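Commentary on secondary and tertiary structure
For reference, the chains in residue letters:
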Amino acid sequence: MSACHCCWNELFQYETNKVTRIQSTNYGTIKWGLHMTVFLYVSFALLTDKLYQRKEPVISSVHAKVKGIAEVVEKVEDRAGKAVGTIFDTADYTFALQGNSFFVMTNFLKTEGQEQKRCPEYPTRKTLCSSDRGCKEGWMDPLSKGIQTGKCVQFNATQKTCEVLAWCPAEATEAPPRPALLSSAENFTVLIKNNIDFPGHNYTTRNILPDMNITCTFHKTQNPQCPIFRLGDIFREARENFSEVAVQGGIMGIEIYWDCNLDQWSHHCRPKYSFRRLDDKTSNESLFPGYNFRFAKYYRENNVEKRTLIKVFGIRFDILVFGTGGKFDIVQLVVYIGSTLSYFGLATVFIDFLINTYSNSLCRSCVYPSCKCCTPCMVNEYYYKKKFELIVEPSATLKYVSFVDEPHLRMVDRQLLGKSLQDAKGQPVPRPGTDFAALSTPPLPDPQPRAGEGEELQPLRGAPAAGPADGPSPGWCRCGRCRPSELPEPRRGLEELCCRRAPGPCITSSPLFATLVLCPRRLRLLLLHREPLRADDDGEDAARRLRHCAYRCYTAWRFGAPDLADFAILPSCCRWRIRKAFPRAGGPYRGFRSPR
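Residues numbered from 1 in each chain as written. Predicted model: local features only at pLDDT ≥ 70, side-chain atom pairs only at ≥ 80, totals over all residues. Heavy atoms only, no water.

With 86% of its residues at a pLDDT of 70 or more, the protein chain has an overall mean of 84. Every residue in residues 439-468 is under pLDDT 50, and counting partners more than four places away or in other chains gives 40 contacts. (pLDDT = per-residue confidence, 0-100. Contact = heavy atoms within 4.5 Å.)

What follows concerns unusual backbone geometry. Of the consecutive residues C168 and P169, the connecting peptide bond is found in the cis state with omega at 0°. Looking at the secondary structure, you find P169 in the loop between β8 (160-168) and β9 (189-198). Cis rather than trans, the peptide bond between R178 and P179 has omega equal to 5°. With respect to the element layout, P179 can be found in the loop between β8 and β9. A positive phi angle is found at K50, which is not glycine, with a value near 50°. (Helix = DSSP H or I, 4+ residues; strand = E, 2+ residues; numbered from the N terminus.)

Once that is clear, we can look at the packing of helix α2 (residues 25-48) against helix α6 (residues 330-340). Between α2 and α6, the shortest axis-to-axis distance is 11 Å and the interhelical angle comes to 155°. On the basis of their axis angle, the class for α2 and α6 is roughly antiparallel. Handedness of the α2/α6 crossing: right-handed. Touching V42, A45 and L46 of α2 are L333, Y336 and T340, all from α6. Per-class residue counts for the contact of α2 with α6 are five nonpolar, one polar and no charged. (Axes fitted to C-alpha atoms, helices over the stretch in contact; angles between N-to-C directions. Parallel < 35°, antiparallel > 145°, perpendicular 65-115°, else oblique. Left-handed = near helix turned anticlockwise from the far one by under 90°. Nonpolar A, V, L, I, M, F, W, Y, C, P; charged D, E, K, R; others polar.)

A surface patch of nonpolar side chains, amounting to about 630 Å² of accessible area, comprises W265, F328, I330, V331, V334 and V335. Ranked by the residues each element gives to the nonpolar patch, the list is headed by α6, at four residues. Looking at the secondary structure, you find W265 in the loop between β12 (250-261) and β13 (271-277). Note on W265: relative accessible area 61%, which makes it exposed. (Patch = residues over 30% accessible without salt bridge, like charges linked within 9 Å, V, L, I, M, F, W, Y side chains within 5 Å. Areas by Shrake-Rupley, 256 points an atom, 1.4 Å probe, with all protein chains shown as cover. Salt bridge = Lys/Arg side-chain N within 4 Å of Asp/Glu carboxyl O. Buried < 20%, exposed > 50% of the residue type's maximum accessible area, 1.4 Å probe, protein only.)

With that settled, consider the state of the cysteines. On inspection of all chains with the given rule, the structure shows five disulfides. Shown here is the disulfide that connects C216 with C226, its sulfur atoms set 2.1 Å apart. Here the disulfide of C216 and C226 is right-handed, its torsion about the S-S bond being about 85°. Taken together, the positions of C216 in the loop between β10 (203-206) and β11 (228-230) and C226 in the loop between β10 and β11 put the pair 10 residues apart, joining distant regions of the chain. With respect to burial, C216 and C226 carry one shared label: buried. Numbered by position along the chain, the disulfide-linked cysteines of the protein chain connect as 1-6, 2-4, 3-5, 7-8, 9-10. Looking at the unpaired C574, the closest cysteine sulfur is the one in C573, lying at 4.1 Å. Residue C574 is classed as buried on the basis of its relative accessible area of 0%. (Disulfide = S-S within 2.5 Å.)

This part covers the nonpolar core. In this structure, V104, I234 and F317 are the most contacted members of the largest nonpolar core, which totals 46 residues. Beyond its immediate stretch of four places on either side in the chain, F317 contacts N100, S101, F102, V104, L231, I234, F235, M252 and I254. Within the second largest apolar cluster, 27 residues are counted, among which are C553, W557, C574 and I578. (Core = buried A, V, L, I, M, F, W, Y, C linked by side-chain atoms within 4.5 Å.)

Once that is clear, we can look at the packing of helix α11 (residues 511-518) against helix α13 (residues 540-559). Between α11 and α13, the shortest axis-to-axis distance is 8 Å and the interhelical angle comes to 130°. One way to sum up the angle between α11 and α13 is to call them oblique. Mapping the contact onto sequence places L512, F513, L516 and V517 in α11 and A550, C553, Y554 and W557 in α13. Tallied by class, the residues present in the contact of α11 with α13 amount to eight nonpolar, no polar and no charged.

The next thing to look at is the packing of aromatic side chains. Evaluation of the coordinates by the stated rule reveals 23 aromatic pairs. Their ring planes at 70° and their centres at 5.0 Å tell us that F229 and Y273 sit as a pair that is edge-to-face. Residue F229 is located in strand β11, and its partner Y273 is located in strand β13; the two are separated by 44 residues in the primary sequence. The exposure classification of F229 matches that of Y273, with both residues buried. Aromatic side chains Y554 and W557 sit 5.9 Å apart centroid to centroid with 90° between the ring planes, which places their arrangement in the edge-to-face category. Of the two residues, Y554 and W557 are both situated in helix α13; the distance of three residues between them amounts to about one turn of the helix. Residue Y554 is classed as buried on the basis of its relative accessible area, which comes to 1%. (Phe/Tyr/Trp six-rings, centres within 6.5 Å; stacked < 30°, edge-to-face > 60°.)

What follows is the structure, given as structure tokens:
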């Protein structure tokens, strides 16, 4: 039941971050400058891209009608010896295509009077021969005009080719006429009908307006909404030459873009037309440039089926419709605002980056001393200390030491391997600020000795003379009051630590050491502060409690922060001075134990 109660209490909890406010004109200006930049960008993107709208892709259908008349003078003479002109209308030069496309013929090659019989193949590198051995009966080549009969026959006075069973005479391989036969197709016009629908917004429209002039022609600036296009103008807008493309054909794209704003207060839904060439105009002759295909007109003459083969060159127009329709949606607006709130955190990230950059050791040792302009940035080190707290991962080898002749602490995070801790090279760590109020007690009269307590346990009056240690001091001692460790050999180096890095007076000779660490009355008051109802007992247990309390007082005095004090190693001189004041009745002392 208690477990369920704890889970229920944890459910109704709220956590928040603790922030540090820096009163700085420079950083305040940077913060508001970045906030204003982000706000202007977010507002600009919201209005220009209409990110408050719900977008839907367009669904469309397209229909095209081509109009125009062309006269073609063919290279076939009549009985009178005059060239014959042929009139081409819409039914002659347009062809139905699937999808949103239409085709306009601009050039052609004719092979008239073809009938199925045997005839020589048109001369090419693969069809030339000198005897029947060069022809294979029944052979069919994808590029051939028929099936070989196995005979090599005369094509003309100088060339022989393989005989084929095909529509004869065989189609000649020749270049299309230049200029194009239907070069006047440049003046043809096409009417494009485009109906669009946005089912999600329940909106339908088309590109032909009710009040539109049916005799208009599209112009990019003067009449951009007219759906009637002159073919020559389409090529001009695409920066292409119609006469050149008409010779071999090509593919032209007509793009219709719908950017519809369906909001009632700013409704706008009109198409925008653009044009571009879609085929590869840079390909060489071997890659079959242009656009062409073949078709035949069949007829009967003297009860024999014949045909006229026409190779058509022309331009295929692909109509590409795309676009979106948008309408205000409160959900989209809320989502956009929520997604952009994180951009305002860029100011925090940037300022933290500046504080971290200007407070590192490289700037302190190299940049600040040589660059006078960077001197104001030294304040970042102060900001860094106030904002960030260094936390070291606890480990069995982590230790902190404090020397009275050094302004900082030292962190040693490695095994000693038989060496003394005094000689271990540790990493300097800034000494935390000392809370002197936590080390003091309420005002008390000058404590008097209790019955049974010697004068050596009382606070020292003045600066006492340094007394000798109990026996010769070891070689690693610098103050002359340390004693050899009593721990086993593997752990002995852990207690081989002096209070000083260089030779000098011992910290135990300081009056403050006697006041903060060795005063029994003050130590009892600290113990009662933690356990007010505990009886003031005597004997071994009281000495142990006073001894451990003295250890904690020393670490709080010299190391400050509790997380450092937990891994603090007391100097040998201080440890034995405390043990002498509050001795253990029998047996060796336990020594330092890592809290991890």
